[in-house]
Amino acid sequence: LEDQGKYQEAVKAYRESVAIARMIGYQTAVAVALNNLANVLESEGDLTGAERMYAESLEVCRSIGDKRRQAFGLSGIATILWRQGDLTGAKKMYEEALAIHQSAGDGDRVATLLNNIGNVLKDQGDLDGARRRYEECLAKYRGINDQGGIALSLGNIGDLLIRQGDLSEAKRMYEEAF
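Small disclaimer: the values here were computed from a predicted structure and weren't measured.

Novice: How would you sum up the overall build of the chain? Please name residues and give values.
Specialist: For the chain, the count of helices and strands is nine helices and zero strands. Counting from the amino terminus, helix and strand elements in the chain follow one another as α-α-α-α-α-α-α-α-α. Reported as C-alpha extents along the three principal axes, the dimensions of the chain are approximately 60 × 35 × 30 Å. Counting every position in the chain, which comprises 178 residues, the buried fraction comes to 44%.

This is how it looks when you write it as structure tokens:
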């Protein structure tokens, strides 16, 4: 439903999934449905509702000891905080999610979170820190041969280089990206 743009129907379906999973006591399904519901609400611009659902999913995951799914909740909340301008809170949550995914060996998620932390650092004005994270991200994407991720990372590094006045190196990054 979500992929078809039927967001209200998706919200209804996920709410029903949460209720059914709770009724039968399947906590993992509760956490997954809450996280999916949060994703739809976020897509629809309901950041308050999305944050509530991510937090509830995170709480369920913590109660059952599901670290990997905790990381998804943390990352979701971090994105909301970032969008609301709470850069310090977003960075903290992204870093907590990063640590979980690193320990689990989730290369693609690690790369995504390194990118997100780089974005937060850039927004905080820490361009050197952002570049380090983008370069770590680039190395991860190269390690898993994710061409889209490689291009994204190179573009982000190029953007930073422009802000720092290094146009020739920025151009090289963009050319490599595309």
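Novice: Please set out the side chain of Ser75 residue by residue, giving values where relevant.
Specialist: As for its position among the elements, Ser75 is in helix α4 (residues 67–83). For Ser75, a relative accessible area of 7% corresponds to the buried category. Residues contacting Ser75, with those up to four places away along its chain left out, are Tyr94, Ala97, Arg109 and Leu113.

Novice: Any chance you could break down helix α3 (residues 47–64) for me, citing the residues and the numbers?
Specialist: For α3, which comprises 18 residues, the first-to-last C-alpha distance of 26 Å matches the rise-based estimate of 26 Å (1.5 Å per residue) to within 8%. All of the buried residues along α3 are Leu47, Gly49, Ala50, Met53, Tyr54, Ser57, Leu58, Val60 and Cys61. Its buried side turned inward, α3 meets α2 (27–43) and α4. Among the residues trailing α3, Gly65 stands out with phi positive, at a value near 75 degrees.

Novice: An account of the environment of Arg131 is requested, with residue identities and associated values reported.
Specialist: Here Arg131 lies in helix α7 (residues 127–143). In this structure Arg131 comes out as partly exposed when scored by relative accessible area, which is 23%. Taking C-alpha positions, Arg131 is 43 Å from Ala21, a pair spaced 110 residues apart along the chain. Other than its neighbours up to four places away in sequence, Arg131 contacts Ile157, Leu160 and Leu161.

Novice: For the packing of α3 against α4, give the residues involved together with the corresponding values.
Specialist: Close contact between α3 and α4 brings their axes to 8 Å; oriented N to C, the two are set at 155 degrees. With respect to their mutual orientation, α3 and α4 come out roughly antiparallel. Crossing hand, α3 versus α4: left-handed. Where α3 approaches α4, its residues Leu47, Ala50, Glu51, Tyr54, Ala55, Leu58, Cys61 and Arg62 are matched on the opposing element by Arg69, Gln70, Gly73, Leu74, Gly76, Ile77, Ile80, Leu81 and Arg83. Looking at the contact of α3 with α4, its residues break down into 10 nonpolar, three polar and four charged.

Conventions adopted
- Residues numbered from 1 in each chain as written.
- Predicted model: local features only at pLDDT ≥ 70, side-chain atom pairs only at ≥ 80, totals over all residues.
- Heavy atoms only, no water.
- Helix = DSSP H or I, 4+ residues; strand = E, 2+ residues; numbered from the N terminus.
- Buried < 20%, exposed > 50% of the residue type's maximum accessible area, 1.4 Å probe, protein only.
- Contact = heavy atoms within 4.5 Å.
- Expected span 1.5 Å × (residues − 1).
- Axes fitted to C-alpha atoms, helices over the stretch in contact; angles between N-to-C directions.
- Parallel < 35°, antiparallel > 145°, perpendicular 65-115°, else oblique.
- Left-handed = near helix turned anticlockwise from the far one by under 90°.
- Nonpolar A, V, L, I, M, F, W, Y, C, P; charged D, E, K, R; others polar.

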